[in-house]
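# Notes for the structure review
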Amino acid sequence: MIDKEDYQEQCCLLKMNQGGEKIPVSRVLEKLDVYLENQDFEGARRHLDYWEQEAEGYKDYQGELSVINEKIGFYRKQGDEAMCLAQIPRAFGLIEQLGMEDTITHGTTLINAATGYKAFNQGSTALPLYEKAKRIYESALRPEDSRLGGLYNNMALALVEEADYERALEYYHKALKIMELQDQGELECAITYLNMADLFVVRDGQVEAEQEVTKLIEAAIECLNKEDLVKNGYYAFVCEKCAPVFGYYGYFIYETELKNRAREIYERN
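To start, this report covers the structure provided alongside it. Being a predicted model, the structure only gives us computed values, none of them experimental. (Residues numbered from 1 in each chain as written. Predicted model: local features only at pLDDT ≥ 70, side-chain atom pairs only at ≥ 80, totals over all residues. Heavy atoms only, no water.)

Turning to the environment of Tyr130, a few remarks are in order. Topologically, Tyr130 is positioned in helix H7 (residues 123-140). Judged by its relative accessible area of 0%, Tyr130 is buried. Residues Tyr130 and Met155 lie 25 residues apart in sequence; the distance between their C-alpha atoms is 6.3 Å. Leaving out residues up to four positions away in the same chain, Tyr130 has contacts with Ile111, Ala114, Thr115, Lys118, Leu151, Asn154, Met155 and Ala158. (Helix = DSSP H or I, 4+ residues; strand = E, 2+ residues; numbered from the N terminus. Buried < 20%, exposed > 50% of the residue type's maximum accessible area, 1.4 Å probe, protein only. Contact = heavy atoms within 4.5 Å.)

The next thing to look at is the pattern of salt bridges. Taken as a whole and judged by the stated rule, the model has 20 salt bridges. A salt bridge links Lys71 to Glu52, with the shortest nitrogen-to-oxygen separation between them at 2.5 Å. Placement of Lys71 in helix H4 (residues 61-77) and of Glu52 in helix H3 (residues 41-58) is noted, with a sequence separation of 19 residues between them. Glu52 matches Lys71 in its accessibility class, with the two residues each being buried. Linking Glu255 and Lys259 is a salt bridge whose minimum nitrogen-to-oxygen distance equals 3.3 Å. With a gap of four residues between them, Glu255 and Lys259 both fall in helix H13 (residues 252-268), about one helical turn apart. Assessed through its relative accessible area of 44%, Lys259 is described here as partly exposed. Taken together, the shared-partner salt bridges in this structure form one network comprising Glu42, Arg45, Asp49, Glu52, Glu56, Glu64, Lys71 and Arg90. (Salt bridge = Lys/Arg side-chain N within 4 Å of Asp/Glu carboxyl O.)

Attention shifts here to H13. End to end, H13 covers 24 Å across 17 residues, agreeing with the expected 24 Å (1.5 Å per residue, within 8%). Taken together, the buried positions of H13 are occupied by Tyr254, Glu255, Leu258, Arg261, Ala262, Ile265 and Tyr266. Seen from one end, H13 has its buried residues packed into an arc of 125 degrees, which puts them on one side. The outward face of H13, more than 90 degrees from its buried face, is lined by the exposed residues Phe252, Ile253, Glu267 and Arg268. Against helix H2 (25-37), helix H11 (210-224) and helix H12 (233-248) lie the buried residues of H13. (Expected span 1.5 Å × (residues − 1). Arc of directions from axis to C-beta.)

Quick look at the nonpolar core now. One finds Tyr193, Leu224 and Phe246 to be the most contacted residues of the largest nonpolar core, which totals 88 residues. When residues of this core are assigned to their parent elements, the largest contribution, eleven residues, is made by helix H10 (residues 186-204). Filtering out sequence-adjacent residues up to four positions away, Leu224 remains in contact with Leu187, Ala190, Leu229, Tyr235, Val238, Cys242, Phe246, Tyr254, Leu258 and Arg261. (Core = buried A, V, L, I, M, F, W, Y, C linked by side-chain atoms within 4.5 Å.)

Right, let's get into the environment of Asn69. With respect to the helices and strands, Asn69 occurs in helix H4. Relative accessible area serves as the criterion here: at 10%, Asn69 is assigned to the buried category. Along the sequence, Asn69 and Thr109 sit 40 residues apart, while their C-alpha atoms lie 6.5 Å from each other.

Structure follows, in structure tokens:
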């Protein structure tokens, strides 16, 4: 249950400006996950708006940046291009204001921005941002860090849009090597396998790519069927996201099964 103080009108911002308070970012993100797991998207929007206002009132610019980064992803998933892209210059402005250029936080913001642009068919704008994030992450993170895996997967998607298939494959394989090391990493591996199948079809054509696609689809199924995966809201989200891809490749029974898995989890929550 979401407490109404997470979204009700704030009290007195004049009082908040004095003491250097900060918003509870971890709690904000935990509550956001609850909204999303229950598919309460209007509640999630109110929640983010409320905590953005709180951060502004506190003059907690790092907290504000965290919320705006979440807004980029939220509006991207909602398909709201105008609201998604409107957050990006605000996020970069806060990075500059905070003097956080070339930090991991800057790298994460670059990735969020690039993924937003890519989602709305602006791959040529996204790629330079991914490249800059890559330089930051590779210098600051351990090679097996899951954040690098996510970056490589997203870079590959953008490269496919630019018809740079060989580089895209290189980054998909890099992403797989990292995700295979992660707890619950099978979910990300499944998504990557399906993305690779799409690459081969775009590059080689449906008939020529059939053998390679079959291997990749079967690898994705094996990942999603791992018994020790936690069947939570994120698992439901991945099942829902992957289901139409299986249908596209003729795996209609498995498409239905994944949709049912997702529905059962959402109903249970």
